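Listed below, chain by chain, are the residues.
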Amino acid sequence: MFNKLKSFYNSVNSFDSLQTTDGNHVNDAAATKSSTANASIRNVSLFSLSSNNTHTEKGPPLKHRYTRPQFLQLNTDDEIQVSADHIIRPIIVPRDVNKLPWNSGYAETINAGKSARNEDQASLCKGLLRAILSPESIALKIADMMPTVPGNPRQVPINSQQRQVNGESGDSSQVLKNETNLDSQTLKKDEFANKEVDLAKSDPLTDSVMEEKLVCANDLISPSTPLPSDVVDSIKNEILENVFQTPPSSPELSKPAALVEESLPWVYFGLFDGHAGSGVAVAASNTLHKIVQEKLQNIADILITFGLKDVDEKEEEIVENSTTTINSSSFNHNRLTSKGSVIVNHDNHLPSDTIIPLFQPAIDKIVTVDALIIGALELAFWEMDNQIALDKRKYRMSGGCTALVALFILGKLYIANAGDSRAIVHKNGDIIPMSFDFTPESERERIKYLGLLRPEFLGNEFTHLEFIRRPTRRDLGKRLLFRDAFMTGWAYKTITIEDLKVPLVYGEGKRSRVLVTIGVTRGFGDHELKAQNSDVYIKPFLTPQPEVRVLDLAKDENLTDSDVLIMGTDGLWDITTNEKTVEIVQKSLEHFPANDSQRFKYRYISAAQDLVMHSRGKSKEKGKGWRTSDNLQATIDDISVFVIPLKPYRQEYLKWKEARAIVQKEYMRS
Amino acid sequence: MSYAYLFKYIIIGDTGVGKSCLLLQFTDKRFQPVHDLTIGVEFGARMITIDGKQIKLQIWDTAGQEAFRSITRSYYRGAAGALLVYDITRRDTFNHLTTWLEDARQHSNSNMVIMLIGNKSDLESRREVKKEEGEAFAREHGLIFMETSAKTAANVEEAFINTAKEIYEKIQEGVFDINNEANGIKIGPQHSPTNTSLPLSGSGSSQGGGCC
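Every value quoted in this text rests on a predicted model; they were computed, and no experiment measured them.

**A closer look at the overall build of chain B**
When you go through chain B residue by residue, the secondary structure sums to 6 helices and 7 strands. When the helices and strands of chain B are listed from N to C terminus, the series reads β-α-β-β-α-β-α-α-β-α-β-α-β. With 212 residues in all, chain B has 51% of them scored as buried. Excluding contacts between residues fewer than 6 apart, the proportion of contacts in chain B whose partners are at least 24 apart in sequence is 71%.

The structure is reproduced here in C-alpha cells:
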C-alpha cells in the first residue's frame, strides 16, 4: 500500500524483523533508508506514528514469521530476499501451478523501495465443512427452509427442545424452528413420511456432530475426499454413546445407518495490503481463513442441507416478492439486503440472487442462506480484528492491512471487502464490479458523521466540519461555505477559532487522508496508530466491516474458460483500469488456448503476471522511475493479483451436488 | 554464510534448451528429466570459491517462451553474467542466438559477461549443431563458450565458475563499478569499505550479514 500513511515514510524507522531459524531478530536497517529516500514523495508531515517505532531485537516476540504466500514456496530467507529486489522488482508467480485450485493465477511484485519488504500478503485455502446428519434431521431442515405456502398445513411438528446444534448453529437451528409449513411437493419429505414417529423421539445429538477439516495451501484435498473411516467410526461411537445416555426409546435409534456423513467444500482466496509494517497483513493471511472456517462450520448443517435441495421457480417468486431492499449507502447500484450486503444481480433473465427464506419471524425480516454466509464472513472480519488487537499487546505486530476475500461455496461467489483492494468478475463479455473501494474520499460521510457524534475522538485538534477551502486566521469572523456531517448541500458559516482545526478528512481523491495520516478506512490493525503530538487515535475511524457481494455461478450455464474473477491490491488498480485489466487478461488467455493441453494450465498464471507487468511497467535507467508500456507513470507500490477461472468451480459444485443427491437417495431407500 | 562478492547471473535462451535443468544441476546437483514450463523467473543460489574468496552466485532463470519475452527482458538489467543457452540437438535454438544476444546487449549493462552454452552434449547421436559452430559464434561475438550436459553434469560447474572467474577478473581490472548494484555485483557486508554504502536489499539478511 503506497502512500497510505503519509507520515510513515518520514518517521517510522522500524519494521518487523526477520526471525531467523535460531530465533534471533535482526532489525532491518534498510527500511529506514528506503523510507527516508522516498520521503520527498510527500511533503514533510506534521504527524507521525507515536508508537511502534522503536522495536529492537529485545522487543516482544513475533507471532508469525514474515514470509511470502505459502503457495509461492519461497522457502528460504534467501529466496524471500531475492523476491524483494527493489531494483529489478521481479514478478513472482507460483513455482507449482498445481498449488492453486483450478490452476488459478497469482503474481506479485515488490514496491520500488518504499518499504524493505513486500507488505502485501495473500493466502488461499481449500476447506471442507462436515456435518453428520440423520436423514430425519435433513428432512426437518428441508422442511424448515420451505417458505410458507398458504393452505398447506404443517405436517411435521418440530419441538425446538429436541434439537440442538453445536455452537452458534444451535441458535441458527432454533431460529429455523418456526411456524412455516412443509412443502408437500418435496419428494424427500414424502419419502421420510413413514419415519415421522421415530423422528419425534429422535435424539438431539444425532444431527449435531460435526467434524471439521481444514486443509490449506500445500495440502489441498479434493472435495470428494472421504472422511477417514476411523474418524467416522469415532464420531459414530460418540453419537451412540450419547444416544445411550438418554433413555433409549427404541433400539432402532442406535442404527448407524441413520447417520449421513455429509461434507461441503469451499475455497477461499485472500489479499491483504499492509501498511506501516508487515505484521498485521501476515497475521491476517495466516489466520482469517481459519476463523472463516470456524464460522462456516457453525452453520455447516444448514448449509449442507440447503446444498442438497433443489430450488424451484415458485420459491424464487415468493422470495422476489418478499425481499426488502434497504439502501444504506450511496455507492451501490445493486440490490442491497438489510445488512448492507449486495446481491449482484447481473443477468436479468437469470435470477442469480435466489433467496430461500430460512426464517420469517416477521414480514420484514428474512434470513436466507446468503445472509448466513454473509454473516459468517462479517463476523470473521470483526473477530480477526479483535484478535489482532489482543495480539498487538503480546507480540510485535506492526501496522494494519486491508482485506479482500473471495469465498466459493454452494455454487456462489461471495466477495468480502474491507479496504481499497478490488475484485471484478469478467464473464460473458461483461465486467461486474464485485467490490467497492473504501477510501477516506469514498467514506468521507461515514467518518465525518462519526466525528460529529463522538467529538472526543477528534481530540482538540480536528474538526468534522468540511469547508469549501481550508480556513486560515485571515478568515476569522468572515463567512465561508461549509457543510456539517448531516448536510448534503452547502451553507455559510462565520469562521471561529474552532474552525481552524485540521479537517478530519483532508485532501482530495487518492491523496485524501483521515486525521492527515491514513489513506485507508477499512481493514485490520492500526490500533496503536495516532497522530503526532496528540492523543488522537485513528482506529475509531477505521472499521473491519466488510461489504459482501454475492454472485451466483451455479445458474450460469454459459460460463467459459475465459470467465474469471480478478482480485488485486491497489497497486494494480491505480494504473490499470477495469477495462484494461480485462483486455490484458483476455489477451494472455488467448496465448494459451484450450487445444494446447501442455500449456493450458499456465494461462491464468500468465494472465496474472501480465497484469502485474502492466502496472509495474519497466524501469529503463536508475532514477528515471517506472513507466508503463504507454510511457505513463507506473506504480511504485507493491502489487498482488489473483486471476481465478469461474467455470471449474461451477463444475466442481455441480458434481458435488450430484454426488450428494445420490448419497441421499441411497440413504432414503435404506 | 559470509561472502566477498555476490554475482547476479541470468540464464536465457529458447524454451526447452535446458535452462532450468542447468540451474538445478548447479545448485542441487540433480537432474529432473521432466521440467515444468518456467513462467517469468526462478531463482537459485550457490557459493563458490575463486582465488580463495567466497563468492555467492545468485542465478535468475528466465522463461524461454516467446509469450514471456517482454517480462524476461526486464530481468536483464542488473546482471553481471549471462548464460546464453542453446540445444545442440535443435538447430533452431542455435539460429535464434543472434536475437537473444541483441536482446541481452540492449537491455543489460555493457560489461555483462556472456557465456554461450551448447547444452545436451550427452545426446551426441541427435546432434544438429557442431561444436565448431558454437565456438565460431562465440569467437565472432566475444563470448566464452562451453558445451554442457545438465543430465550428466558434464561442464556444468565449469560453465558457472568460468563465468564467475571472468567477472572476478573484470573486477580486479576495475572494469566494474562494484558500488553500483545495477551492475549485478554486491560486496559482502564484511568486505565493504564503508558499511553505510550497502545496497538496500543487502542489509536485511539474518545470516551473519550474508544476503542472497
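**Section: the overall build of chain A**
Scanning chain A for helices and strands turns up 17 helices and 26 strands. The buried share among the 670 residues of chain A stands at 49%. Across chain A, every contact between residues at least 6 apart in sequence was considered, and the portion connecting residues at least 24 apart equals 74%.

**Some words on the sheet that holds strand 17 (residues 466-467) of chain A**
Residues and elements named next belong to chain A. As summarised here, the arrangement of the 3 strands in space is 17-18-19, forming an open sheet in which the pairing is antiparallel. Two strands in the sheet have a free side with no partner beyond their single neighbour: strand 17 and strand 19 (491-494). Both strand 18 (residues 479-483) and strand 19 contribute to a ladder of 4 bridges, which runs antiparallel. Residue pairing in the sheet places Phe482 in a bridge with Ala491 of strand 19.

**Observations concerning the sheet that holds strand 25 (residues 564-568) of chain A**
Residue and element names in this part refer to chain A. Across the sheet, which stays open at both edges, the 5 strands sit in the order 3-26-25-14-15 with antiparallel pairing between neighbours. Of all the strands in the sheet, just strand 3 (105-109) and strand 15 (430-433) have a single pairing partner and so form its edges. The mean angle between the axes of side-by-side strands here comes to 15 degrees, regardless of whether they run parallel or antiparallel. Relative to strand 26 (residues 639-645), strand 25 runs antiparallel, the two sharing 5 bridges. In the sheet register, Met567 faces strand 26, and the bridge partner there is Phe642. The strands touched by helix 16 (residues 603-616) within the sheet are strand 3, strand 25 and strand 26, with strand 3 carrying the most contacts at an inclination of about 25 degrees.

**Some thoughts on the packing of helix 15 (residues 578-591) of chain A against helix 16 of chain A**
Residue and element names in this part refer to chain A. One can describe the packing of helix 15 onto helix 16 by two numbers: an axis separation of 8 Å at closest approach and a directional angle of 140 degrees. Put simply, helix 15 runs oblique to helix 16. Judged by the twist between their axes, the crossing of helix 15 over helix 16 is right-handed. In contact with Thr581, Ile584, Val585, Ser588, Leu589 and His591 of helix 15, helix 16 contributes Arg603, Ser606, Ala607, Asp610, Leu611 and His614.

**So, the pairing of strand 5 (residues 113-119) of chain B**
Within a regular strand, side chains alternate between the sheet's two faces. All names here are of chain B. Of all 7 residues that make up strand 5, 7 are buried, and the element is covered over most of its length. With burial as the criterion, each face of strand 5 is covered, one bearing Val113, Met115, Ile117 and Asn119 and the other bearing Ile114, Leu116 and Gly118. Here 4 bridges tie strand 5 to strand 6 (residues 144-147), and the two strands are oriented parallel to one another. Within strand 6, the position partnered with Ile117 by the bridge is Met146.

**Examining the environment of Ile87 of chain A**
Assignment of secondary structure puts Ile87 of chain A in the loop between helix 3 (77-83) and strand 3. Ile87 of chain A gets classed as partly exposed once you count the C-beta atoms within 10 Å, which come to 18. A C-alpha to C-alpha distance of 9.6 Å links Ile87 of chain A and Ile110 of chain A, two positions 23 residues apart in sequence. Apart from residues lying up to four places away in sequence, Ile87 of chain A is in contact with Gly78, Glu181 and Ala182 of chain B.

**Thoughts on helix 9 (residues 279-297) of chain A**
Residues and elements named next belong to chain A. With 19 residues, helix 9 extends 28 Å between its outermost C-alpha atoms, agreeing within 8% with the 27 Å of an ideal straight helix rising 1.5 Å per residue. The largest bend in helix 9 amounts to roughly 35 degrees and is located at Thr287. Counting buried positions along helix 9 gives 16 out of 19 residues, so the element sits mostly inside the fold.

**Overview of the confidence of the model for chain A**
The predicted coordinates should not be examined in detail at positions where pLDDT is low. Residues and elements named next belong to chain A. Averaged over every residue, the pLDDT of chain A is 74; the share at 70 or more is 63%. Counting contacts from residues 147-257, a segment whose pLDDT is below 50, to residues more than four positions away or on other chains yields 158 contacts. In the predicted structure, residues 311-341 sits below a pLDDT of 50 and forms 48 contacts with residues beyond four places in sequence or in another chain.

**Observations regarding the nonpolar core**
Leu303, Leu377, Ala406, Tyr414, Ala608 and Val641 of chain A are the most contacted members of the largest nonpolar core, which totals 115 residues. When residues no more than four places from it in sequence are discounted, the contact partners of Ala608 of chain A are Val93, Gly105, Tyr106, Ala107, Val641, Phe642 and Val643 of chain A. Listed in part, the 58 residues of the second largest apolar core include Leu24, Trp60, Leu84 and Val113 of chain B.

**Overview of the confidence of the model for chain B**
Residues and elements named next belong to chain B. Mean pLDDT for chain B: 88, with 89% of residues reaching 70 or above. Segment residues 193-212 is flagged for pLDDT under 50; beyond a separation of four residues in sequence, or across chains, it makes 58 contacts in the model. Here the complex is predicted with pTM 0.77, and the ipTM for its interfaces comes to 0.87.

**Some points on the environment of Glu66 of chain B**
All names here are of chain B. Residue placement: Glu66 occurs in the loop between strand 3 (53-62) and helix 2 (69-73). By C-beta crowding, Glu66 is classed as exposed, having 12 other C-beta atoms within 10 Å. Separated by 51 residues in the primary sequence, Glu66 and Thr15 have C-alpha atoms spaced 8.2 Å apart.

**Some details on the packing of helix 1 (residues 19-28) of chain B against helix 6 (residues 156-172) of chain B**
All names here are of chain B. One can describe the packing of helix 1 onto helix 6 by two numbers: an axis separation of 9 Å at closest approach and a directional angle of 90 degrees. In terms of axis orientation, helix 1 runs roughly perpendicular to helix 6. Residue-level contacts link Leu22, Gln25 and Phe26 of helix 1 to Val156, Glu157 and Phe160 of helix 6. Of the residues belonging to the contact of helix 1 with helix 6, the class tally is 4 nonpolar, 1 polar and 1 charged.

**Quick notes on the environment of Gly307 of chain A**
Residue and element names in this part refer to chain A. Relative to the assigned elements, Gly307 resides in helix 10 (residues 300-307). Residue class for Gly307 comes out buried when judged on the 21 C-beta atoms lying within 10 Å of it. Residues Gly307 and Val502 lie 195 residues apart in sequence; the distance between their C-alpha atoms is 53 Å. If we skip the residues at most four places from it in the chain, Gly307 touches Leu264, Leu410, Lys657 and Arg660.

Parameters and conventions
- Residues numbered from 1 in each chain as written.
- Chains lettered and ligands numbered in written order.
- Predicted model: local features only at pLDDT ≥ 70, side-chain atom pairs only at ≥ 80, totals over all residues.
- Helix = DSSP H or I, 4+ residues; strand = E, 2+ residues; numbered from the N terminus.
- Buried ≥ 20, exposed ≤ 12 C-beta atoms within 10 Å, placed from the backbone.
- Contact = placed C-beta atoms within 7 Å.
- Pairing = 2+ DSSP bridges.
- Axes fitted to C-alpha atoms, helices over the stretch in contact; angles between N-to-C directions.
- Parallel < 35°, antiparallel > 145°, perpendicular 65-115°, else oblique.
- Left-handed = near helix turned anticlockwise from the far one by under 90°.
- Expected span 1.5 Å × (residues − 1).
- Bend = angle between axes of the 7 residues up to and from the residue.
- pLDDT = per-residue confidence, 0-100.
- Core = buried A, V, L, I, M, F, W, Y, C linked by C-beta atoms within 7 Å.
- Nonpolar A, V, L, I, M, F, W, Y, C, P; charged D, E, K, R; others polar.

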